[in-house]
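Summary of the model geometry
Next come the chains, spelled out residue by residue.
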Amino acid sequence: MDPIVALMQQVLDDVEDDDSGAPASYIPELAEAEPDHLAFAVVGPRGQIRSVGDDEVAFTIQSISKPFVLAHVLSEIGLDAVMQRVGTEPSGEPFNAISLEENTGRPANPMVNAGAIATTGLVAGADVDERTETILRTLSAFAGRDLRVDESVYRSESSTGDRNRALGHLMRSYGVVDAPVELALETYFRQCSILVTVRDLAVMASTLAFGGMNPLTGDRVVEERVARNVLSIMSSCGMYDFSGEWLLRVGLPAKSGVSGGVLAVAPSQFGVAAFSPRLDRHGNSVRGQAIVATLSERMGMHLLEPHESISQPIVDISETDDGRVIRLSGELGFAAAERVLAVLRDLAVVLPDGSVIHLDARELARTHPAALVALRTELDALPMRISYVE
Ligand code: GLN
């Protein structure tokens, strides 16, 4: 068995027996979910999907749609215009709280219902169908396949969505929502009713993990900056009023939904998704969270752990007939530039003045401009003749 799949199966076995929590009951269709479903998927840089458990079961995406609709409106109108309508602070309140910023009426962030409704209200289109089409196109690009709406969950949500409608009316009274309330709300209910599997969610997560590039299709879905903005907001707000503790214990940007999905992102490493319908009191999947937390711990994925590769680019030194060649690969960030300079300074001590050194940077995957400026400035001060090839 593939060692990663074996590790995933082990994680699944470890959480399987926990039957605490209960499926969401406020949307009648969701209350009928099979509570024992359990699935887990990861997608790495080459776009290979690995999954275990009930990985073919389709469920509605619910709140996990929020970061992707946010990504769409950020791409269309930019961060500042979005932030005029919705904040970026963790609310510390339940996902469906009736709570808006004093005076402005802005919701706290785009991950709680109010903020998501305001965000969805920014999607362009003449009617619900056109807006839903745009959202489906965006989410499908993230997932790498064509997604569709579950009509019966949509009707169930719409027929019981008065609290969300109330939020819509309140925000429209402040001008936070321009669109007619029914237009924004029906689009939001349809967006929440898009069907996905845990494998789709893992691909969607991986597209955020790799800076907006879908590793399955190779398509650029959003700009790197948009992916970064979305991940920042997921880090502070993605798990509702558990977001702070989640960041502390698990350390990955994540998003949950009331049908039991959880998606998490290890930047530049993996997109992860889990599915199990029983929820805790915050509305987050009990076993879904346990799966991601266990994976993060076992694979050392906490964001705030030291990651040596950032400060240690790969430096390969070889002797050739026309001097020494230093090949750099990996990532040249600020700390890495410092390390390359240290290698050069050590060489300067042992080599005669005027020695020739070729610094070959062609294999660097990523170079940060400030690191390059620092490196170049210092190169000029060294007593060797350094040629820089990029
Ligand atoms: N459709 C759900 C709602 O608006 C989404 C909430 C969630 O997944 N937390 O109530």
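Predicted model only: the values in this text are computed from it and were never measured.

What about the overall build of the protein?
Of the regular secondary structure elements, the protein holds 16 helices and 11 strands. Overall, the protein is about 80 × 50 × 35 Å in size when its C-alpha atoms are taken along their principal axes. For the protein, the proportion of contacts with a sequence separation of at least 24, taken over those separated by at least 6, is 70%. Per element, the accessible surface of the protein, about 17,000 Å² overall, is 49% carbon and sulfur. Side-chain charges of the protein comprise 32 positive and 55 negative groups, with the mean position of each set lying 3 Å from the other.

Things to note about the packing of aromatic side chains
The full count for this structure, using the stated rule, is five aromatic pairs. Note on F59 and F275: the rings are 3.8 Å apart at their centroids and 5 degrees apart in plane angle, and the pair reads as stacked. Taken together, the residues span a long stretch of sequence, with F59 in strand β3 (residues 59–60) and F275 in strand β7 (residues 270–275) at a distance of 216 residues. Like F59, the residue F275 is buried in the burial classification. Ring centres of Y188 and F189 lie 5.9 Å apart, and the angle between their planes is 55 degrees; on these two criteria the pair is classed as tilted. Across the pair, F189 and Y188 agree in class, each one buried. Each residue in the set Y26, F95 and Y240 is aromatic and connected to the rest through ring pairs, giving one cluster.

A few points about the site of the ligand
Residues in close proximity to the ligand include Y26, Q62, S63, F95, N113, E157, N164, Y188, C192, Y240, G257 and V258, which together make up its full environment. Within the backbone of V258, one N or O atom sits 2.9 Å away from an oxygen atom of the ligand. Per-class residue counts for the shell around the ligand are six nonpolar, five polar and one charged.

Considerations on the sheet that holds strand β8 (residues 314–320)
Within the open sheet, the four strands sit side by side as β8-β9-β10-β11. Their pairing is mixed. Every other strand in the sheet has two partners, leaving β8 and β11 (385–389) as the edge strands with one partner each. If you compare each strand with its neighbour and ignore which way they point, the axes differ by 20 degrees on average. Bridging between strand β9 (residues 323–332) and strand β10 (residues 356–367) involves eight bridges; their strand directions are parallel.

Concerning helix α11 (residues 224–237)
Its 14 residues place the ends of α11 20 Å apart at the C-alpha level, agreeing with the 20 Å of an ideal helix rising 1.5 Å per residue. The secondary structure elements touched by the buried residues of α11 are α3 (66–77), α4 (79–83), α10 (198–209), α12 (243–249), β5 (254–256) and β6 (261–266).

Some points on the packing of α3 against α11
Running from N to C, α3 and α11 cross one another at 140 degrees; their axes reach a closest spacing of 9 Å. In terms of orientation, α3 lies oblique with respect to α11. Crossing handedness for the pair α3 and α11: right-handed. Together, P67, L70, A71, L74 and S75 of α3 and V226, N229, V230, I233 and M234 of α11 make up the contact between the two elements. Residue composition of the contact of α3 with α11, grouped by class: eight nonpolar, two polar and no charged.

Describing the pairing of β10
Each regular strand displays side chains that alternate between the two surfaces of the sheet. Following the chain from β9 across helix α15 (residues 334–350) to the adjacent parallel β10, one finds a crossover that is right-handed. Where β10 meets β11, five bridges bridge the pair, whose relative direction is parallel. Note on β11: the bridge partner recorded for L359 is Y388.

Quick notes on the side chain of D55
In this structure, D55 sits in the loop between β2 (49–53) and β3. Salt bridges are absent for the buried D55, whose nearest opposite-charge side chain, R199, sits at 4.2 Å. At a separation of 2.6 Å, a polar atom in the side chain of D55 contacts the side chain of S51. Discounting chain neighbours no more than four positions away, the residues touching D55 are A39, T197, V198 and R199.

Description of the environment of G288
Its location among the elements puts G288 in helix α13 (residues 286–299). The exposure class of G288 is buried, given its relative accessible area of 0%. Apart from the residues within four sequence positions on either side, G288 is in contact with V262, A274 and S276.

What counts, and where the lines are drawn
Residues numbered from 1 in each chain as written. Predicted model: local features only at pLDDT ≥ 70, side-chain atom pairs only at ≥ 80, totals over all residues. Heavy atoms only, no water. Helix = DSSP H or I, 4+ residues; strand = E, 2+ residues; numbered from the N terminus. Contact = heavy atoms within 4.5 Å. Areas by Shrake-Rupley, 256 points an atom, 1.4 Å probe, with all protein chains shown as cover. Lys, Arg positive; Asp, Glu negative; His and termini not counted. Charge placed at Lys NZ, Arg CZ, Asp CG, Glu CD. Phe/Tyr/Trp six-rings, centres within 6.5 Å; stacked < 30°, edge-to-face > 60°. Buried < 20%, exposed > 50% of the residue type's maximum accessible area, 1.4 Å probe, protein only. Near = heavy atom within 4 Å. Polar contact = N/O pair within 3.5 Å; in protein donor to acceptor, adjacent residues only side chain to side chain. Nonpolar A, V, L, I, M, F, W, Y, C, P; charged D, E, K, R; others polar. Pairing = 2+ DSSP bridges. Axes fitted to C-alpha atoms, helices over the stretch in contact; angles between N-to-C directions. Expected span 1.5 Å × (residues − 1). Parallel < 35°, antiparallel > 145°, perpendicular 65-115°, else oblique. Left-handed = near helix turned anticlockwise from the far one by under 90°. Right-handed = clockwise from strand over helix to strand, strands pointing away. Salt bridge = Lys/Arg side-chain N within 4 Å of Asp/Glu carboxyl O.

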